[in-house]
2 protein chains.
Amino acid sequence: MQVSYFHVAADVPDAIGSVEGPDAAVVIDVLRATTTIAWALHNGAEAVQAFADLDELRLQSRNWPEQTRLLLGERGGRMLEGFDLGNSPVAVIPEVVQGKRLFMSTTNGTRALQRVRDVSVVMTVALPNRQAVAQRLLRDQPERVWMVGSGWEGTYSLEDSLAAGALADALVAAGAQVANDELQAALALWAQWKHDPEACLRVASHGQRLTRLGNHDADFSCCAGLDQLSVVPTQTEPGVLRAIRV
Amino acid sequence: MQVSYFHVAADVPDAIGSVEGPDAAVVIDVLRATTTIAWALHNGAEAVQAFADLDELRLQSRNWPEQTRLLLGERGGRMLEGFDLGNSPVAVIPEVVQGKRLFMSTTNGTRALQRVRDVSVVMTVALPNRQAVAQRLLRDQPERVWMVGSGWEGTYSLEDSLAAGALADALVAAGAQVANDELQAALALWAQWKHDPEACLRVASHGQRLTRLGNHDADFSCCAGLDQLSVVPTQTEPGVLRAIRV
C-alpha cells in the first residue's frame, strides 16, 4: 500500500480515474466536518450528504421528507440561517440524528469530498475513527491511498495534517509505504503531538479562530478524542456517506 | 517578531508592499540552490544573480566580462548545456568562484526569490548558514518575517520545511512567535530530524530523485551540514545576492 497526503483539494493531482490514480481516497476535516460526520453516523443518522453549494443543498433537501431531514452547515465557523444545526460534533446526538438524512455544507470540508468523489472508494476520517479507517484499509489493501485535507480557504491546516499523520502511523506500522513528502511531514507532526492532540488542535490557526468565536471546549475535546468509534463513513453514491462498520 | 512559512511561491499572500506585508523575506532551497549560494558567497564569489528565465540569464551574462562570470544552472537536477557549473554546493570552491559573478538559474529556487524580490529585506537560508541568518534576524528584529520554500514544481518539499523549522527553532528560542500552521508543522519536522538532517534530506522525494540521478553523497553531506557558515546572502539589488556577514 502506497499512501500519499495532499494538504488541500487544489493539491490533488489530475490522475483520478487513470492508472496512476488512487484506489481509495480518505478525506480529512478534523475541525470539524469529518468529526461530525463520524459521530452523526455512529449515532444513527441514515446518511450524510455533502454540498459545496448552499442553494443546491436547500434544493435537494426539499425532496426529502421534512421529519427525516436535518440541515447542517457553517460558514466561517458560524451556523447558517434556516439550518437545524451548525458543524459541531457534540450536537449530533442520537435523539437528534437517529434515522435522519443530514444535508451538510461546510466552509472547507466539502471541497475535498467533491475533489475525490470519482475515486472508487471514498471514506472520511477524523481522530475518533482513525483506527477504524486504518483497519478497513489494512483489510482491503488498496494499492494507492490518497488522503486529502480540507485546510482553511485553500491553505494548509495543522489539524488535518495531524490526523493524516495519525492514520499513516497506524498504516506504516502494518507495512504501508509513505509515498510523498507531505505524509512524511504529517508523521513527524503526529510524533510530536500524539500524547496531546487537543493541544495541537488548539494551537492550530483554525482552533484559535474557534476559540475567538466563543467557548468550544466540548468540540475540542470531542475532535481530539482518539480511536473511540468503529464507524467508517463511506461514499455509497456521489456525495452521500453512510456508516460502514469495520 | 512574527514568523510565517509558506511552502512554495504560489502560497505567498498578495500582501507584499502593504502594511500587512513582511518586513523581511527568507528564501529556502535546501536541495540545492540556497546551499550553493551560501557556499559560493562564503568562498568569495562577488555576487549571485538569480534568473527564472534561461534566455534572460544568457542575455544578461553577456554584458559581464567573460573572465569574471560563471553560468550555473540545472533543470531536473542536471547541468545545462553551455553552462560552467550545475547546482552543486561542493563545486563552488574558492579557486573557481573567487571574485566571480555567478549567473544562476535553478528549477525551483529562483521562483521563490522572484516572488519576494520587492520585500525590503530579502535573504536566503540553508542549513549551513541557519544560525547566521537567525542571528541577523534577531539583531535587526523585523516585525514580520516570511520564509518561502522552493518545493518541487510547485509542490511541498520536505527538506525546505526542515530548514524552515531549523531557522524557526533558533528564532522561537529567542522569543519570536509562530504565525502560521505551516511553521508549526516545520518545527515538528525539525524536532524529529534535527539529530540527523541528512537522513531527512535522503528520505525527501527530491533527495530520492538526486540519488536516482547518481551518487550525490558529497552534496547530501554538504547540504545537511548545520551552522558552518557566517554568511547571510542578502539581496542588494533586484535578483542580486551578496555576502553580508553577521
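As the structure is a prediction and not an experimental result, all values here were calculated from the model.

1. Let's talk about the overall build of chain A
Looking only at helices and strands, chain A features 10 helices and 11 strands. Since a compact globule built from 246 residues should have a radius of gyration of about 18 Å, the 16 Å found for chain A is in line with a globular shape. Dimensions of chain A, computed from C-alpha atoms along their principal axes, come out at roughly 45 × 40 × 30 Å. The buried share of chain A, taken over its 246 residues, is 59%. Within chain A, the 29 negative side-chain charges are centred at a point lying 4 Å from the centre of the 21 positive side-chain charges.

2. Considerations on the relation of the copies chain B and chain A
Between chain B and chain A, which share one sequence, the superposing operator has a rotation angle of 180° and an axial displacement of 0.0 Å; the RMSD is 0.0 Å. The relationship between the two copies is best expressed as a two-fold rotation axis. Using C-alpha coordinates, one finds that chain B approaches the rotation axis most closely at B:Ala188, a distance of 3.0 Å. Residue by residue, 100% of the interface of chain B is reproduced at the interface of chain A, so both copies engage with the same surface.

3. What about the interface of chain B and chain A?
Each partner contributes residues to the interface: chain B has 18 residues there, and chain A has 18 residues. Summed over both partners, the interface of chain B with chain A buries about 1400 Å², with 57% contributed by carbon and sulfur atoms. The largest share of the area that chain B buries against chain A comes from B:Tyr156, B:Asp181 and B:Gln184, three residues that together contribute 39% of it. Across the chain B-chain A interface, the total number found is 0 salt bridges. Elements represented by at least two residues in the side of chain B that touches chain A include exactly α6 (158–173) and α7 (181–193) of chain B. When residues in the side of chain B that touches chain A are grouped by element, the largest group, 10 residues, is from α7(B).

4. Considering the layout of surface pockets
By volume, the largest pocket is sized at about 1100 Å³. Taken together, 41 residues form the lining of the largest pocket, with A:His7, A:Asp11, A:Glu182, B:His7 and B:Tyr156 sitting closest to its centre. Elements with a minimum of two residues in the lining of the largest pocket: β1 (2–6), β8 (144–149), α7 (181–193) and α9 (205–213) of chain A together with α7 and α9 (205–213) of chain B. Among the elements that line the lining of the largest pocket, the one with the most residues is β1(A), at 3 residues. Here the lining of the largest pocket is composed, by residue class, of 17 nonpolar, 12 polar and 12 charged.

5. Quick notes on empty space enclosed by the protein
Within the structure shown, the criterion is met by 6 cavities of 30 Å³ or more. By volume, the largest cavity amounts to about 80 Å³. The wall of the largest cavity is formed by 15 residues, among which A:Tyr156, A:Ala185, B:His7, B:Tyr156 and B:Ala185 lie closest to the centre. Broken down by secondary-structure element, the contributors of at least two residues to the lining of the largest cavity are α7 of chain A together with α7 of chain B.

6. A short note on the pattern of salt bridges
Applying the stated rule across the entire model yields 20 salt bridges over all chains. Put simply, A:Arg202 and A:Glu198 hold a salt bridge, and the shortest N to O gap is 3.0 Å. Here A:Glu198 and A:Arg202 lie together in helix α8 (residues 197–203), a separation of 4 residues that amounts to about one turn. Between B:Asp140 and B:Arg139 there is a salt bridge, with the nearest N and O atoms lying 2.9 Å from each other. The exposure class assigned to B:Arg139 is exposed, which follows from its relative accessible area of 54%. Bridged by salt links that share partners, the residues A:Glu46, A:Arg101, A:Glu237 and A:Arg242 form one connected network.

7. Focus: helix α2 (residues 54–61) of chain A
Residue and element names in this part refer to chain A. Of the positions making up α2, those classed as buried are Leu54, Leu57 and Ser61. Angularly, the buried residues of α2 cover 55° about the axis, an arc narrow enough to put them on a single face. Exposed residues pointing more than 90 degrees away from the buried face of α2 are listed as Asp55 and Leu59. At its buried positions, α2 is contacted by β4 (69–75) and β6 (101–105). Its side-chain oxygen 3.3 Å from the backbone nitrogen of Asp55, Asp53 forms the N-cap of α2.

8. Concerning the packing of α7(A) against α7(B)
Two elements in contact, α7(A) and α7(B), have axes whose closest approach is 8 Å; the angle formed by their N-to-C orientations is 80°. Classified by the angle their axes make, α7(A) and α7(B) are roughly perpendicular. Of α7(B), the residues touching α7(A) (which contributes A:Gln184, A:Ala185, A:Leu187, A:Ala188, A:Leu189, A:Ala191, A:Gln192 and A:Trp193) are B:Gln184, B:Ala185, B:Leu187, B:Ala188, B:Leu189, B:Ala191, B:Gln192 and B:Trp193. For the contact of α7(A) with α7(B), a count of residues per class yields 12 nonpolar, 4 polar and no charged.

What counts as what
- Residues numbered from 1 in each chain as written.
- Chains lettered and ligands numbered in written order.
- Predicted model: local features only at pLDDT ≥ 70, side-chain atom pairs only at ≥ 80, totals over all residues.
- Heavy atoms only, no water.
- Helix = DSSP H or I, 4+ residues; strand = E, 2+ residues; numbered from the N terminus.
- Rg over C-alpha atoms; globule rule 2.2 N^0.38 Å.
- Buried < 20%, exposed > 50% of the residue type's maximum accessible area, 1.4 Å probe, protein only.
- Lys, Arg positive; Asp, Glu negative; His and termini not counted.
- Charge placed at Lys NZ, Arg CZ, Asp CG, Glu CD.
- Least-squares fit on C-alpha atoms with pLDDT ≥ 70 in both.
- Contact = heavy atoms within 4.5 Å.
- Buried area = accessible area lost by both parts, 1.4 Å probe.
- Salt bridge = Lys/Arg side-chain N within 4 Å of Asp/Glu carboxyl O.
- 1 Å grid on protein atoms, 1.4 Å probe; cavity = no way out; pocket = protein on both sides within 12 Å on 5 of 7 lines; lining within 4 Å.
- Points joined across faces, edges and corners; volume = space filled by probe spheres on them.
- Nonpolar A, V, L, I, M, F, W, Y, C, P; charged D, E, K, R; others polar.
- Arc of directions from axis to C-beta.
- Polar contact = N/O pair within 3.5 Å; in protein donor to acceptor, adjacent residues only side chain to side chain.
- Axes fitted to C-alpha atoms, helices over the stretch in contact; angles between N-to-C directions.
- Parallel < 35°, antiparallel > 145°, perpendicular 65-115°, else oblique.

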